[in-house]
Amino acid sequence: MTALAPRNASPAATRDRLGRPLRDLRISITDRCNFRCTYCMPKEVFGKDYQFLERSALLSFEEITRLARTFTRHGVQKIRLTGGEPLIRRNIEQLIGMLAEIPDLDLTLTTNGSSLAKKARGLKAAGLNRITVSLDSLDDKIFMAMNDVDFPVAKVLEGIDAAAAAGLSPIKINMVVKRGVNEHSIVPMARYFKQQGHILRFIEFMDVGHTNGWRMDDVVTAREIVDTISREMPLEPADPNYTGEVAERWRYKDGSGEIGVIASVTQAFCKDCTRARISTEGKLYTCLFATSGHDLRALLRNGASDGDLDTFIRGVWDKRTDRYSEIRSEKTVKLEKIEMSYIGG
Ligand code: SAM
Ligand code: SF4
Ligand code: SF4
(Lines give C-alpha, C1' and ligand atoms only; values in the text may rest on other atoms or scores of the structure.)
(Ligands and ions follow the chains in the order given, each with its own letter.)
Protein backbone atom coordinates (compact mmCIF):
# COMPACT_ATOMS: atom_id res chain seq x y z
CA MET A 1 0.00 0.00 0.00
CA THR A 2 1.34 3.46 -0.83
CA ALA A 3 1.16 6.47 1.53
CA LEU A 4 -2.01 8.50 1.23
CA ALA A 5 -1.60 12.18 0.49
CA PRO A 6 -2.64 14.38 3.45
CA ARG A 7 -6.23 15.50 3.05
CA ASN A 8 -8.52 18.07 4.57
CA ALA A 9 -11.07 16.74 7.05
CA SER A 10 -14.08 14.93 5.67
CA PRO A 11 -17.26 17.05 5.78
CA ALA A 12 -18.96 14.24 7.72
CA ALA A 13 -16.35 14.27 10.52
CA THR A 14 -17.56 14.75 14.09
CA ARG A 15 -16.89 18.37 15.16
CA ASP A 16 -16.15 19.83 18.59
CA ARG A 17 -17.55 22.96 20.28
CA LEU A 18 -15.06 25.13 18.39
CA GLY A 19 -16.00 23.55 15.05
CA ARG A 20 -12.82 21.46 14.80
CA PRO A 21 -13.24 18.08 13.06
CA LEU A 22 -11.79 14.82 14.36
CA ARG A 23 -9.15 13.83 11.83
CA ASP A 24 -6.04 12.41 13.51
CA LEU A 25 -5.64 9.73 16.14
CA ARG A 26 -2.45 9.01 18.07
CA ILE A 27 -2.30 5.74 19.93
CA SER A 28 0.30 5.05 22.61
CA ILE A 29 0.97 1.32 22.50
CA THR A 30 3.43 1.10 25.39
CA ASP A 31 4.44 3.34 28.27
CA ARG A 32 7.92 1.80 28.31
CA CYS A 33 11.03 3.08 26.58
CA ASN A 34 14.69 2.10 26.29
CA PHE A 35 15.71 5.80 26.33
CA ARG A 36 15.45 8.26 29.20
CA CYS A 37 15.33 11.55 27.27
CA THR A 38 15.72 14.24 29.86
CA TYR A 39 12.78 16.24 28.48
CA CYS A 40 10.41 13.26 28.44
CA MET A 41 11.30 10.45 30.88
CA PRO A 42 13.88 11.92 33.26
CA LYS A 43 15.78 9.21 35.16
CA GLU A 44 15.03 10.75 38.52
CA VAL A 45 11.35 9.93 37.95
CA PHE A 46 11.50 6.97 35.56
CA GLY A 47 14.18 5.10 37.53
CA LYS A 48 14.63 1.40 38.36
CA ASP A 49 11.68 1.38 40.75
CA TYR A 50 9.24 3.09 38.43
CA GLN A 51 6.03 1.07 38.09
CA PHE A 52 5.13 0.70 34.44
CA LEU A 53 1.73 -0.70 33.47
CA GLU A 54 1.06 -4.43 33.75
CA ARG A 55 0.57 -6.22 30.45
CA SER A 56 -3.11 -6.82 31.19
CA ALA A 57 -3.66 -3.06 31.56
CA LEU A 58 -2.53 -2.43 27.99
CA LEU A 59 -5.06 -2.43 25.19
CA SER A 60 -4.74 -5.64 23.18
CA PHE A 61 -4.15 -5.53 19.42
CA GLU A 62 -7.81 -6.50 18.87
CA GLU A 63 -8.96 -3.66 21.15
CA ILE A 64 -6.70 -1.14 19.42
CA THR A 65 -7.93 -2.22 16.00
CA ARG A 66 -11.57 -2.07 17.02
CA LEU A 67 -11.08 1.47 18.36
CA ALA A 68 -9.20 2.50 15.24
CA ARG A 69 -12.08 1.30 13.05
CA THR A 70 -14.56 3.10 15.29
CA PHE A 71 -12.65 6.38 15.07
CA THR A 72 -12.53 6.23 11.29
CA ARG A 73 -16.34 6.39 11.37
CA HIS A 74 -15.97 9.79 13.06
CA GLY A 75 -13.61 11.25 10.50
CA VAL A 76 -10.17 9.91 11.47
CA GLN A 77 -7.99 9.54 8.34
CA LYS A 78 -4.58 9.19 9.92
CA ILE A 79 -3.31 7.06 12.79
CA ARG A 80 0.08 7.48 14.40
CA LEU A 81 1.40 4.77 16.73
CA THR A 82 3.58 6.16 19.46
CA GLY A 83 4.48 5.66 23.12
CA GLY A 84 6.84 5.24 25.01
CA GLU A 85 8.84 3.52 22.32
CA PRO A 86 6.36 1.74 20.04
CA LEU A 87 8.93 -0.60 18.52
CA ILE A 88 9.48 -2.31 21.87
CA ARG A 89 5.87 -3.55 21.93
CA ARG A 90 6.15 -7.26 21.11
CA ASN A 91 4.83 -8.31 17.67
CA ILE A 92 4.08 -4.76 16.59
CA GLU A 93 4.21 -5.99 12.98
CA GLN A 94 1.06 -8.01 13.70
CA LEU A 95 -0.74 -4.87 14.95
CA ILE A 96 0.39 -2.92 11.89
CA GLY A 97 -0.98 -5.70 9.69
CA MET A 98 -4.36 -5.52 11.44
CA LEU A 99 -4.56 -1.71 11.18
CA ALA A 100 -3.40 -1.72 7.55
CA GLU A 101 -6.60 -3.56 6.63
CA ILE A 102 -8.67 -0.48 7.48
CA PRO A 103 -9.47 1.21 4.15
CA ASP A 104 -8.18 4.71 3.30
CA LEU A 105 -6.11 5.06 6.44
CA ASP A 106 -2.73 6.80 6.54
CA LEU A 107 -0.77 4.68 9.01
CA THR A 108 2.43 6.00 10.52
CA LEU A 109 4.58 5.69 13.60
CA THR A 110 7.01 7.76 15.68
CA THR A 111 10.11 6.00 16.99
CA ASN A 112 13.45 6.79 18.59
CA GLY A 113 14.96 4.68 15.80
CA SER A 114 16.97 2.42 18.08
CA SER A 115 15.67 -0.84 16.59
CA LEU A 116 14.69 0.45 13.17
CA ALA A 117 17.70 -1.01 11.34
CA LYS A 118 16.36 -4.42 12.34
CA LYS A 119 12.65 -3.73 11.94
CA ALA A 120 12.16 -1.35 9.01
CA ARG A 121 11.57 -3.99 6.33
CA GLY A 122 9.14 -5.98 8.44
CA LEU A 123 7.16 -2.84 9.29
CA LYS A 124 6.87 -1.89 5.65
CA ALA A 125 5.88 -5.42 4.67
CA ALA A 126 3.19 -5.41 7.36
CA GLY A 127 1.62 -2.28 5.82
CA LEU A 128 3.13 0.74 7.56
CA ASN A 129 3.02 3.73 5.19
CA ARG A 130 5.52 6.20 6.65
CA ILE A 131 7.69 6.83 9.67
CA THR A 132 8.95 9.65 11.88
CA VAL A 133 12.26 9.20 13.67
CA SER A 134 13.34 11.35 16.61
CA LEU A 135 16.94 12.53 16.71
CA ASP A 136 18.15 15.57 18.67
CA SER A 137 21.75 15.95 17.48
CA LEU A 138 24.42 14.50 15.20
CA ASP A 139 26.96 14.99 17.98
CA ASP A 140 27.31 11.84 20.09
CA LYS A 141 28.18 13.72 23.25
CA ILE A 142 25.06 15.87 23.04
CA PHE A 143 22.75 13.08 21.86
CA MET A 144 23.93 10.67 24.54
CA ALA A 145 23.41 13.29 27.22
CA MET A 146 19.88 13.90 25.93
CA ASN A 147 18.82 10.24 25.60
CA ASP A 148 20.67 9.59 28.89
CA VAL A 149 21.39 5.94 28.07
CA ASP A 150 24.51 6.57 25.97
CA PHE A 151 22.79 5.55 22.74
CA PRO A 152 24.98 6.49 19.74
CA VAL A 153 23.89 8.67 16.81
CA ALA A 154 25.26 6.21 14.22
CA LYS A 155 22.71 3.53 15.15
CA VAL A 156 19.79 5.92 14.67
CA LEU A 157 21.19 7.04 11.31
CA GLU A 158 21.50 3.38 10.33
CA GLY A 159 17.82 2.95 11.23
CA ILE A 160 16.85 5.97 9.12
CA ASP A 161 18.78 4.57 6.15
CA ALA A 162 17.06 1.21 6.59
CA ALA A 163 13.66 2.91 6.67
CA ALA A 164 14.49 4.77 3.45
CA ALA A 165 15.71 1.58 1.79
CA ALA A 166 12.49 -0.19 2.86
CA GLY A 167 10.40 2.52 1.20
CA LEU A 168 8.89 4.02 4.37
CA SER A 169 8.77 7.46 2.84
CA PRO A 170 8.58 10.37 3.17
CA ILE A 171 10.71 10.09 6.31
CA LYS A 172 10.36 12.84 8.88
CA ILE A 173 12.92 13.52 11.59
CA ASN A 174 11.85 15.15 14.88
CA MET A 175 14.37 17.25 16.78
CA VAL A 176 13.42 18.77 20.14
CA VAL A 177 15.48 21.90 20.72
CA LYS A 178 16.42 22.89 24.26
CA ARG A 179 18.40 26.02 25.03
CA GLY A 180 21.90 25.46 26.35
CA VAL A 181 21.69 21.80 25.34
CA ASN A 182 21.47 21.28 21.57
CA GLU A 183 20.86 24.58 19.79
CA HIS A 184 24.30 24.30 18.18
CA SER A 185 23.08 21.14 16.50
CA ILE A 186 20.38 22.98 14.52
CA VAL A 187 22.49 23.89 11.48
CA PRO A 188 24.45 20.60 11.21
CA MET A 189 21.17 18.66 11.45
CA ALA A 190 19.53 20.88 8.80
CA ARG A 191 22.50 20.47 6.47
CA TYR A 192 22.66 16.70 6.87
CA PHE A 193 18.96 16.02 6.33
CA LYS A 194 18.73 18.52 3.45
CA GLN A 195 21.34 16.45 1.72
CA GLN A 196 19.61 13.17 2.64
CA GLY A 197 16.26 14.46 1.35
CA HIS A 198 14.36 13.81 4.60
CA ILE A 199 12.08 16.40 6.25
CA LEU A 200 13.57 17.67 9.50
CA ARG A 201 11.07 19.11 11.96
CA PHE A 202 12.17 21.20 14.90
CA ILE A 203 9.98 21.00 18.00
CA GLU A 204 9.90 23.68 20.66
CA PHE A 205 10.59 22.15 24.08
CA MET A 206 7.15 21.75 25.67
CA ASP A 207 5.73 21.61 29.18
CA VAL A 208 4.16 18.19 28.66
CA GLY A 209 3.68 16.08 31.78
CA HIS A 210 4.85 17.55 35.04
CA THR A 211 8.28 16.04 35.60
CA ASN A 212 10.54 17.55 32.93
CA GLY A 213 11.33 20.80 34.75
CA TRP A 214 10.10 22.94 31.86
CA ARG A 215 10.94 26.67 31.90
CA MET A 216 10.17 29.21 29.19
CA ASP A 217 13.85 30.24 29.27
CA ASP A 218 14.77 26.79 27.90
CA VAL A 219 12.60 27.16 24.80
CA VAL A 220 14.42 28.03 21.58
CA THR A 221 11.63 29.60 19.55
CA ALA A 222 10.62 28.49 16.06
CA ARG A 223 11.47 32.03 14.88
CA GLU A 224 15.03 31.72 16.20
CA ILE A 225 15.39 28.29 14.61
CA VAL A 226 14.24 29.49 11.18
CA ASP A 227 16.51 32.57 11.38
CA THR A 228 19.50 30.48 12.41
CA ILE A 229 19.13 28.11 9.46
CA SER A 230 18.19 30.84 7.01
CA ARG A 231 21.43 32.73 7.66
CA GLU A 232 23.37 29.76 6.23
CA MET A 233 20.81 28.16 3.91
CA PRO A 234 18.09 30.67 2.95
CA LEU A 235 14.49 29.60 3.59
CA GLU A 236 11.10 30.85 2.46
CA PRO A 237 7.64 30.02 3.84
CA ALA A 238 5.67 27.25 2.14
CA ASP A 239 1.89 26.71 2.22
CA PRO A 240 0.48 24.08 4.56
CA ASN A 241 -0.33 20.74 2.94
CA TYR A 242 -3.76 20.77 4.62
CA THR A 243 -5.67 22.69 7.29
CA GLY A 244 -4.51 21.78 10.78
CA GLU A 245 -1.00 20.66 9.81
CA VAL A 246 1.07 20.75 13.00
CA ALA A 247 4.36 21.84 11.49
CA GLU A 248 4.79 25.19 9.77
CA ARG A 249 6.60 24.47 6.50
CA TRP A 250 9.65 26.32 5.20
CA ARG A 251 11.45 25.43 1.97
CA TYR A 252 15.04 26.01 0.96
CA LYS A 253 15.27 28.76 -1.64
CA ASP A 254 17.66 26.62 -3.67
CA GLY A 255 14.81 24.14 -4.19
CA SER A 256 16.51 21.34 -2.30
CA GLY A 257 13.76 20.42 0.14
CA GLU A 258 12.00 21.69 3.23
CA ILE A 259 11.95 21.80 7.02
CA GLY A 260 9.12 22.16 9.52
CA VAL A 261 8.87 23.97 12.82
CA ILE A 262 6.42 22.90 15.49
CA ALA A 263 5.88 26.04 17.53
CA SER A 264 3.45 24.71 20.06
CA VAL A 265 4.71 27.14 22.71
CA THR A 266 5.19 30.41 20.82
CA GLN A 267 2.61 30.10 18.02
CA ALA A 268 -0.25 28.01 19.33
CA PHE A 269 -2.16 26.10 16.65
CA CYS A 270 -5.14 24.99 18.78
CA LYS A 271 -7.67 26.62 16.51
CA ASP A 272 -7.07 23.94 13.88
CA CYS A 273 -6.30 21.04 16.23
CA THR A 274 -7.92 17.85 14.93
CA ARG A 275 -6.05 15.37 17.12
CA ALA A 276 -7.33 12.84 19.63
CA ARG A 277 -5.09 10.56 21.67
CA ILE A 278 -5.55 7.14 23.19
CA SER A 279 -3.23 6.33 26.07
CA THR A 280 -1.54 2.98 26.63
CA GLU A 281 -4.34 1.83 28.93
CA GLY A 282 -7.11 3.00 26.67
CA LYS A 283 -8.07 6.43 27.90
CA LEU A 284 -9.20 8.97 25.35
CA TYR A 285 -7.59 12.42 25.64
CA THR A 286 -8.65 15.40 23.59
CA CYS A 287 -5.49 17.43 24.25
CA LEU A 288 -1.79 16.65 24.72
CA PHE A 289 -1.86 18.73 27.89
CA ALA A 290 -4.96 17.13 29.40
CA THR A 291 -5.18 16.35 33.08
CA SER A 292 -7.80 13.62 32.73
CA GLY A 293 -9.13 11.21 30.09
CA HIS A 294 -12.19 9.12 29.20
CA ASP A 295 -12.08 5.38 29.78
CA LEU A 296 -12.53 3.51 26.50
CA ARG A 297 -10.98 0.31 27.85
CA ALA A 298 -13.72 -0.09 30.45
CA LEU A 299 -16.33 0.28 27.74
CA LEU A 300 -14.63 -2.30 25.52
CA ARG A 301 -14.18 -4.78 28.34
CA ASN A 302 -17.77 -4.35 29.52
CA GLY A 303 -19.14 -5.47 26.16
CA ALA A 304 -19.98 -2.13 24.54
CA SER A 305 -21.58 -2.41 21.11
CA ASP A 306 -20.29 -0.43 18.12
CA GLY A 307 -23.23 1.92 18.66
CA ASP A 308 -22.24 2.47 22.34
CA LEU A 309 -18.69 3.30 21.28
CA ASP A 310 -19.94 5.72 18.61
CA THR A 311 -22.18 7.51 21.09
CA PHE A 312 -19.38 7.78 23.64
CA ILE A 313 -16.80 9.14 21.21
CA ARG A 314 -19.24 11.59 19.68
CA GLY A 315 -20.24 12.73 23.17
CA VAL A 316 -16.63 13.40 24.19
CA TRP A 317 -15.61 15.17 20.97
CA ASP A 318 -18.87 17.19 20.85
CA LYS A 319 -18.01 18.76 24.21
CA ARG A 320 -14.35 19.44 23.45
CA THR A 321 -13.14 22.98 24.08
CA ASP A 322 -9.38 22.35 24.63
CA ARG A 323 -6.92 25.05 23.61
CA TYR A 324 -4.17 24.65 26.15
CA SER A 325 -1.36 26.25 24.15
CA GLU A 326 -3.42 29.37 23.58
CA ILE A 327 -4.04 29.85 27.29
CA ARG A 328 -0.68 28.62 28.65
CA SER A 329 0.32 30.59 31.76
CA GLU A 330 2.40 30.29 34.94
CA LYS A 331 -0.62 28.54 36.46
CA THR A 332 -1.27 25.98 33.70
CA VAL A 333 2.41 25.02 33.52
CA LYS A 334 2.14 23.76 37.13
CA LEU A 335 -0.91 21.53 36.46
CA GLU A 336 -0.49 17.76 36.94
CA LYS A 337 -0.65 16.93 33.24
CA ILE A 338 -0.40 13.39 31.89
CA GLU A 339 3.16 12.31 31.00
CA MET A 340 4.09 12.31 27.29
CA SER A 341 5.34 8.71 27.37
CA TYR A 342 1.90 7.56 28.51
CA ILE A 343 -0.41 9.79 26.50
CA GLY A 344 1.80 9.53 23.39
CA GLY A 345 3.59 12.42 21.70
N1 SAM B 1 9.70 7.17 21.63
C2 SAM B 1 9.27 7.69 20.39
C3 SAM B 1 10.16 8.84 19.96
O4 SAM B 1 10.88 9.38 20.80
O5 SAM B 1 10.11 9.20 18.80
C6 SAM B 1 7.82 8.11 20.36
C7 SAM B 1 7.24 8.80 21.57
S8 SAM B 1 7.88 10.41 21.90
C9 SAM B 1 6.99 10.83 23.35
C10 SAM B 1 7.15 11.37 20.60
C11 SAM B 1 7.83 12.68 20.29
O12 SAM B 1 7.66 13.57 21.37
C13 SAM B 1 9.32 12.58 20.07
O14 SAM B 1 9.66 13.16 18.82
C15 SAM B 1 9.90 13.39 21.20
O16 SAM B 1 11.09 14.01 20.85
C17 SAM B 1 8.79 14.37 21.50
N18 SAM B 1 8.85 14.92 22.86
C19 SAM B 1 8.93 14.25 24.03
N20 SAM B 1 8.96 15.10 25.07
C21 SAM B 1 8.90 16.36 24.56
C22 SAM B 1 8.90 17.68 25.12
N23 SAM B 1 8.96 17.88 26.42
N24 SAM B 1 8.81 18.74 24.27
C25 SAM B 1 8.73 18.55 22.92
N26 SAM B 1 8.72 17.32 22.35
C27 SAM B 1 8.82 16.25 23.14
FE1 SF4 C 1 11.50 7.50 24.98
FE2 SF4 C 1 10.61 8.93 22.97
FE3 SF4 C 1 10.31 9.83 25.45
FE4 SF4 C 1 12.74 9.76 24.40
S5 SF4 C 1 11.03 10.99 23.68
S6 SF4 C 1 12.17 9.02 26.46
S7 SF4 C 1 12.65 7.98 23.13
S8 SF4 C 1 9.36 8.05 24.63
FE1 SF4 D 1 -4.36 20.58 20.31
FE2 SF4 D 1 -4.17 20.77 22.96
FE3 SF4 D 1 -1.98 21.09 21.42
FE4 SF4 D 1 -3.91 22.97 21.45
S5 SF4 D 1 -2.61 22.38 23.15
S6 SF4 D 1 -2.85 22.13 19.64
S7 SF4 D 1 -5.74 21.69 21.68
S8 SF4 D 1 -3.21 19.18 21.65
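Numbering of residues starts from 1 in each chain and follows the order in which that chain's sequence is written. Here every chain gets a letter starting at A, and every ligand a number starting at 1, in the order they are written. At least 70 in pLDDT is required for a residue's local features to be given in this predicted model, at least 80 for side-chain atom pairs to be given and counted, and no such filter applies to totals for whole chains, interfaces and linings, which use all residues. Hydrogen atoms and water are omitted, and side-chain values are computed over all heavy atoms in the structure.

Some remarks on the overall build of the protein chain
Reasoning step 1: For helices the rule is a DSSP run of H or I covering at least 4 residues; for strands it is a run of E covering at least 2, with both sets numbered from the N terminus onward. When helices and strands are counted, the protein chain shows 11 helices and 12 strands.
Reasoning step 2: With respect to the three principal axes, the spread of C-alpha positions in the protein chain is 55 × 45 × 45 Å.
Reasoning step 3: In this scheme, a residue with accessible area under 20% of its type's maximum is buried, one over 50% is exposed, and one in between is partly exposed, where area comes from a 1.4 Å probe on protein chains only. The buried share among the 345 residues of the protein chain stands at 55%.
Reasoning step 4: For the protein chain, restricting intrachain contacts to residue pairs at least 6 apart in sequence, the fraction spanning at least 24 positions comes to 73%.
Reasoning step 5: Counting every atom, the protein chain has about 15,000 Å² of accessible surface; 50% of that belongs to carbon and sulfur.
Reasoning step 6: In this charge count, Lys and Arg are treated as positive and Asp and Glu as negative; neither His nor the chain ends contribute. Charge positions come from single atoms, namely NZ of Lys, CZ of Arg, CG of Asp or CD of Glu. Of the charged side chains in the protein chain, 51 are positive and 46 negative; the average position of the first set lies 2 Å away from that of the second. Should any heavy atoms of two residues lie within 4.5 Å, those residues are considered in contact. Using the Shrake-Rupley algorithm and a 1.4 Å probe, accessible areas are obtained, with residue cover drawn only from the displayed protein chains.

Notes on the site of ligand 3
Reasoning step 1: Neighbouring residues of ligand 3: Phe269, Cys270, Cys273, Arg275, Arg277, Cys287, Leu288, Phe289, Arg320, Asp322, Tyr324 and Ser325.
Reasoning step 2: When grouped by side-chain class, the residues that make up the shell around ligand 3 number seven nonpolar, one polar and four charged. Proximity is defined per residue: any heavy atom of the residue falling within 4 Å of a molecule or strand makes that residue near it. Three categories are distinguished: nonpolar for Ala, Val, Leu, Ile, Met, Phe, Trp, Tyr, Cys and Pro, charged for Asp, Glu, Lys and Arg, and polar for the others, with Gly belonging to the last.

Notes on the pattern of salt bridges
Reasoning step 1: Should a side-chain nitrogen of Lys or Arg be within 4 Å of a carboxyl oxygen of Asp or Glu, the pair is scored as a salt bridge. Going through the model one piece at a time under the given rule, you end up with 23 salt bridges.
Reasoning step 2: The closest approach of N and O atoms between Lys43 and Asp148, which form a salt bridge, is 3.8 Å. Taken as a pair, Lys43 in the loop between strand E1 (24–28) and helix H1 (61–72) and Asp148 in the loop between helix H4 (140–147) and helix H5 (153–166) lie far apart in primary sequence, 105 residues in all.
Reasoning step 3: Relative accessible area serves as the criterion here: at 40%, Lys43 is assigned to the partly exposed category.
Reasoning step 4: With a closest N to O distance of 2.8 Å, Arg130 and Asp106 form a salt bridge.

Here's the deal with the packing of aromatic side chains
Reasoning step 1: Any pair of Phe, Tyr and Trp rings, taking the six-membered ring for Trp, is counted once the centres come within 6.5 Å. Such a pair is stacked with planes under 30 degrees apart, edge-to-face with planes over 60 apart, and tilted for the rest. Applying the stated criterion to the full structure yields six aromatic pairs.
Reasoning step 2: When the ring of Phe35 is compared with that of Phe143, the centres are 6.3 Å apart and the planes differ by 70°; the resulting orientation is edge-to-face. Here the residue Phe35 occupies a position in the loop between E1 and H1, and Phe143 occupies one in helix H4, the gap between them amounting to 108 residues. Of the two residues, Phe35 and Phe143, both sit in the buried class.
Reasoning step 3: Ring plane angle 65° and centroid distance 4.7 Å describe the contact between Tyr50 and Phe52, whose orientation is recorded as edge-to-face.
Reasoning step 4: Given the relative accessible area of 16%, Phe52 is considered buried.

Here's the deal with H4
Reasoning step 1: Looking only at H4, the buried set comprises Phe143, Met146 and Asn147. Projected onto a plane normal to the axis of H4, the buried residues spread over an arc of 90° and lie on a single side.
Reasoning step 2: Along its buried surface, H4 packs onto H5 and strand E5 (171–177).
Reasoning step 3: If you check the start of H4, you find a side-chain oxygen 2.8 Å away from the backbone N of Lys141, and it comes from Asp139.
Reasoning step 4: Note on H4: the residue one or two positions beyond its end, Asp148, has a positive phi of about 60°. Directions from the helix axis toward the C-beta atoms define the arc. In protein, a polar contact requires one atom able to donate a hydrogen and another able to accept it; more generally it is a pair of N or O atoms within 3.5 Å, and residues adjacent in sequence count only if both atoms are side-chain atoms.

Focus on the site of ligand 1
Reasoning step 1: Every one of the 20 residues lining ligand 1 counts as a neighbour, but Tyr39, Gly84, Ser134, Met206 and Met340 are closest to it.
Reasoning step 2: Between ligand 1 and the protein, one listed contact pairs a nitrogen atom with a backbone N or O atom of Tyr39 at 3.1 Å.
Reasoning step 3: Within the side chain of Glu85, one N or O atom sits 3.2 Å away from a nitrogen atom of ligand 1.
Reasoning step 4: When isolated, ligand 1 has an accessible area of 540 Å², and the protein chains bury 95% of it.

This is a description of form; function is not addressed.
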